[in-house]
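# Observations on the three-dimensional arrangement
This is what each chain is made of:
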Amino acid sequence: MPLTDAQLERYARHIVLKEIGGPGQQKLLNARVLVIGAGGLGAPCLMYLAAAGVGTLGVVDADTVSLSNLQRQIIHGTGDIGRAKVESAAESIARINPDVRIVQHAERLTPANAREIIAGYDIVADGCDNFETRFLVNDTCHFARVPLVSGAVGPFEGQLSMFKSYERGADGFPLPNYRDLVPEAPPPGLLPACEEAGVLGALTGVIGSMMALEVIKEIAGAGSGLAGRLLIYDALDMRMRTIKLKHDPANALTGERAHLRDHLDHS
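Structural notes, computed from the coordinates. Please read all numbers here as calculations on a predicted model, not as lab measurements.

Basis of the calculations
- Residues numbered from 1 in each chain as written.
- Predicted model: local features only at pLDDT ≥ 70, side-chain atom pairs only at ≥ 80, totals over all residues.
- Heavy atoms only, no water.
- Helix = DSSP H or I, 4+ residues; strand = E, 2+ residues; numbered from the N terminus.
- Rg over C-alpha atoms; globule rule 2.2 N^0.38 Å.
- Buried < 20%, exposed > 50% of the residue type's maximum accessible area, 1.4 Å probe, protein only.
- Areas by Shrake-Rupley, 256 points an atom, 1.4 Å probe, with all protein chains shown as cover.
- Pairing = 2+ DSSP bridges.
- Axes fitted to C-alpha atoms, helices over the stretch in contact; angles between N-to-C directions.
- Salt bridge = Lys/Arg side-chain N within 4 Å of Asp/Glu carboxyl O.
- Core = buried A, V, L, I, M, F, W, Y, C linked by side-chain atoms within 4.5 Å.
- Contact = heavy atoms within 4.5 Å.
- Polar contact = N/O pair within 3.5 Å; in protein donor to acceptor, adjacent residues only side chain to side chain.

Our focus in this paragraph is the overall build of the chain. When helices and strands are counted, the chain shows 10 helices and eight strands. Against the 2.2 N^0.38 benchmark of 18 Å for 267 residues, the chain shows a C-alpha radius of gyration of 18 Å, consistent with a compact globule. Across its three principal axes, the chain shows a C-alpha extent of roughly 55 × 45 × 45 Å. Out of the 267 residues belonging to the chain, those deemed buried represent 51%. Of the roughly 13200 Å² of accessible surface on the chain, a fraction of 54% belongs to carbon and sulfur atoms.

Following this line, the structure appears as structure tokens:
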């Protein structure tokens, strides 16, 4: 379906980019993107994906808006305190771009629902705040062959990568996934939670926006993505570096003795 006059004007700055153009914008309009978490990372990611014209945006979050969220979760406002985050986020998305279809998943992602939810989307952006969900999203996307853009932040540092471990690299091994970066969750209490360690609000905006950028590039086929690489951003010293991720033969999902191959099929 050709772009309407209103769409040609709305997305004009994309369309003039030779790397995106009309065909790339059409791909964005036809795309279905799932964002895990409507918090610090999910908020800017959702807002930029909506502004970019992603046709369908799914939002997974079981939480409600609290006053302490507002220092960084810019998709919500003071008047949203107490509301479901997916509901507040959907309202903001509709205000940014009423052409975007919004699917609210007001629930936690679990082994029982992850496959069904993720199967309805072309790409996933994960900005959750716990290891259990990160491993679940990583594994589900691997089995479903869905690209995964994963972002995380500490107090002053952020990281970003893309995982497509269902594909193989030039070396013949599977491309890295989250389990190559973090083989297993650290013991409870080893790492302080956000409310204990703190986080610079604007940092989540930087990483969340980069997540949206990676999603947009992947959909439009522009540039090279971060599959096989990890971007690390230091906000205090304003430094950025990219390191190469390697496939771990001991990876529980894709390694030589993988034992998680069917764990989601029997949940």
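The next subject is the sheet that holds strand E6 (residues 157-163). Across the sheet, which stays open at both edges, the eight strands sit in the order E3-E2-E1-E4-E5-E6-E7-E8 with mixed pairing between neighbours. Since the sheet does not close on itself, it has two edges, and those belong to strand E3 (101-105) and strand E8 (239-244), each with one partner. Within the sheet, the average angular offset between the axes of one strand and its neighbour, ignoring direction, is 15°. Relative to E6, strand E5 (residues 148-153) is paired through six bridges, and the arrangement is antiparallel. Across the sheet, the residue bridging to Ala152 is Gln159, located in E6.

Moving on to the pattern of salt bridges. Evaluated as defined, the whole model comprises 10 salt bridges. In this structure, Arg83 and Asp80 form a salt bridge, with 2.7 Å as the shortest nitrogen-oxygen distance. Its relative accessible area of 19% is what places Arg83 among the buried residues. Shared partners join several salt bridges into a network, and the residues in it are Asp80, Arg83, Glu87 and Glu91.

A few words now on unusual backbone geometry. Look at Arg145: it is not a glycine, yet its phi comes out positive at around 60°. Note on Arg145: relative accessible area 53%, which makes it exposed. Despite not being glycine, Met238 has its phi angle at roughly 50°, a positive value. Exposure remark for Met238: the relative accessible area of 60% places this residue in the exposed category.

A word on the nonpolar core. Val33, Leu46, Leu49, Leu57, Ile93 and Val215 are the most contacted members of the largest nonpolar core, which totals 37 residues. Elements represented by at least two residues in this core include exactly strand E1 (32-36), helix H4 (42-52), strand E2 (56-60), helix H5 (85-96), strand E4 (123-126), E6, helix H10 (201-220) and strand E7 (229-234). If you tally residues by element for this core, the top one is H10, at eight residues. Leave out the neighbours within four places in its chain, and Val215 touches Val33, Leu49, Ile123, Ala125 and Val149. Ranked by size, the runner-up nonpolar core spans 23 residues in total, among them Ile117, Ile118, Leu148 and Val182.

Bringing H4 into the picture now. Of all 11 residues making up H4, eight are buried, and the element is well covered by its neighbours. For H4, the set of buried residues is Gly42, Ala43, Pro44, Cys45, Leu46, Leu49, Ala50 and Ala52.

With respect to the element layout, Arg179 can be found in helix H8 (residues 178-181). With 173 residues separating them in the primary sequence, Arg179 and Ala6 have C-alpha atoms 44 Å apart. Among the polar contacts made by the side chain of Arg179, one reaches the side chain of Asp139 at a distance of 2.8 Å.

What follows is about the side chain of Arg134. Within the secondary structure, Arg134 is located in helix H7 (residues 131-144). Here Arg134 falls in the buried class, since its relative accessible area comes to 7%. Contact partners of Arg134, with chain neighbours within four places excluded, come to Asp126, Gly127, Cys128, Ser150, Gly151, Ala152 and Tyr178.

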